[in-house]
Amino acid sequence: MRKIFLTIAVITSVLVQAQSAEERGLEIAKAAEKADLGFKSSISDIKMILKNRNGQKSERSLTTKTLELTEDGDKSLIVFNSPKDVKGTATLTFTHKTVSDDQWLFLPSIKRVKRISSNNKSGPFVGSEFAYEDLSSQEVEKYTYKFISESGDLLLVEQDPVDRKSGYKKRIVTYNKAKGYRIEKIEFYDRKGALLKTLTYSDYKLFKNKFWRAGALNMVNVQNNKETLLQFSNYNFDSNLSDDDFTQVALKRAGK
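Residues numbered from 1 in each chain as written. Predicted model: local features only at pLDDT ≥ 70, side-chain atom pairs only at ≥ 80, totals over all residues. Heavy atoms only, no water.

> Sorry if this is basic, but what is going on with the nonpolar core here?
Ranked by size, the top nonpolar core spans 39 residues in total, and within it Phe-125, Tyr-175, Leu-199, Tyr-201 and Leu-217 carry the most contacts. Those residues in contact with Phe-125 that lie beyond four places of it in its chain are Met-48, Ile-78, Phe-80, Thr-91, Phe-130, Ala-131, Tyr-132 and Leu-135. Leu-77, Phe-106, Leu-241 and Leu-251 belong to the second largest nonpolar core, which has 12 residues in total. (Core = buried A, V, L, I, M, F, W, Y, C linked by side-chain atoms within 4.5 Å. Buried < 20%, exposed > 50% of the residue type's maximum accessible area, 1.4 Å probe, protein only. Contact = heavy atoms within 4.5 Å.)

> Teacher, can you tell me more about the pairing of strand β5 (residues 102–107) here?
Every regular strand shows the same layout, with side chains that alternate between the two sheet faces. Counting buried residues in β5 gives five out of six residues, a clear majority hidden from the surface. Pairing between strand β4 (residues 90–94) and β5: five bridges, direction antiparallel. Its bridge partner being in β5, Thr-93 is matched across the sheet by Gln-103. In the sheet, β5 pairs with strand β6 (residues 112–115) via four bridges, with the strands oriented antiparallel. What sits directly across from Trp-104, in β6, is Arg-115. Turn length for the β5-β6 hairpin, with the two strands adjacent in sequence and antiparallel, is four residues, and the turn residue Lys-111 shows positive phi of about 55 degrees. (Helix = DSSP H or I, 4+ residues; strand = E, 2+ residues; numbered from the N terminus. Pairing = 2+ DSSP bridges.)

> Could you clarify how one ought to interpret the side chain of Thr-66 in this entry?
Relative to the elements of secondary structure, Thr-66 occurs in strand β2 (residues 57–67). Owing to a relative accessible area of 19%, Thr-66 belongs among the buried residues under this scheme. In contact with Thr-66, not counting residues within four places along its chain, are Phe-39, Lys-40, Ser-41, Ser-42, Asp-74, Lys-75, Ser-76, Leu-241 and Phe-246.

> Help me understand helix α3 (residues 248–255) in this model?
Owing to its 3.6 residues per turn, the α-helix brings residues three or four apart onto one side. Among all positions of α3, only Ala-250, Leu-251 and Gly-255 are buried. Burial along α3 is one-sided: seen end-on, the buried residues are contained in an arc of 130 degrees. Set apart from the buried face of α3 by more than 90 degrees, the exposed residues are Val-249 and Arg-253. Residues of α3 that are buried in the fold lie against β3 (75–82), β4, β5 and β6. (Arc of directions from axis to C-beta.)

> Sorry, what's going on with the packing of aromatic side chains here?
For any pair of aromatic rings, the description rests on two quantities: the centre-to-centre distance and the angle between the ring planes. Applying the stated criterion across every chain yields a total of 14 aromatic pairs. Ring centres of Phe-94 and Trp-104 lie 5.0 Å apart, and the angle between their planes is 75 degrees; on these two criteria the pair is classed as edge-to-face. In this pair, Phe-94 is assigned in strand β4 and Trp-104 in strand β5, connecting sequence segments 10 residues apart. With a relative accessible area of 17%, Phe-94 lands in the buried category. By relative accessible area, Trp-104 is classed as buried at 8%. Relative to Trp-212, the ring of Tyr-204 has its centre 6.2 Å away and its plane inclined at 90 degrees; by these criteria the two rings are edge-to-face. According to the relative accessible area criterion, Tyr-204 is buried, its value standing at 17%. When its relative accessible area of 22% is taken as the criterion, Trp-212 is described as partly exposed. One aromatic cluster is present, built from ring pairs that chain together Phe-39, Phe-207, Phe-211, Phe-232, Tyr-235 and Phe-237. (Phe/Tyr/Trp six-rings, centres within 6.5 Å; stacked < 30°, edge-to-face > 60°.)

> Got a minute to help me understand the environment of Leu-154 in this structure?
Secondary-structure assignment places Leu-154 in strand β8 (residues 154–161). For the pair formed by Leu-154 and Asn-176, sequence separation is 22 residues and the distance between their alpha carbons is 4.8 Å.

> How do you make sense of the environment of Thr-228 when you look at a structure like this?
Along the polypeptide, Thr-228 turns up in strand β15 (residues 226–236). A relative accessible area of 0% places Thr-228 in the buried class. Linking Thr-228 and Lys-57, residues 171 residues apart in sequence, is a C-alpha distance of 9.5 Å. Setting aside chain neighbours within four positions, we find Thr-228 in contact with Met-48, Ile-49, Leu-50, Ser-128, Glu-129, Phe-130, Leu-217, Asn-218 and Met-219.

Scope: geometric values only; no functional claims are made or implied.
This is the structure:
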């Protein structure tokens, strides 16, 4: 019996080694996507803490809604609740698998919806260290992949954006295969190939015995020494959201 187990282990090792780095990287990304399928929709509250290069902090409160779609990318709506200077500002994102995402910004000061150009999606999201393209859902088709290394349960995969208008040349993503292939860290590299930002996921909680959600996302810009911390609370996976909650009409209504 022991010989059989050893033989299986050897065969498994050979098969893994036979995979190319590109094949294994894609396999890991698909496993992560599969592990998170089926949440349908969710709502959560967010506290955004901005830290400038001198260490001074400011806070904002937001609400985010997400609608899961399987034929195409997910839809999301983010609304700022405070402070007064950004209250009512709202962003609607339609993520797509194979074409550029659609994004709109509602500005309460002029009561208008502004479409965000594909050329501007690398710009900062309402003064934070997150770019507009960082708001998109993690669709497998948006990148090409290359497996880098494995250390215990942690897998490092290089992801190169397919969209030429992306502000990034590549991302290095750390997956935790023992925890549903959840993401632990992302390193973002600018178009010149230099490290730009590091996003760390922490305080994970498991919902409905399947869906891992981070309680905190900390984006550190290593080039300008600024940080943006997102703290999530009040996750609701029983909201039964629909397409009607993710329209430009809903965007305006949410911002009022």
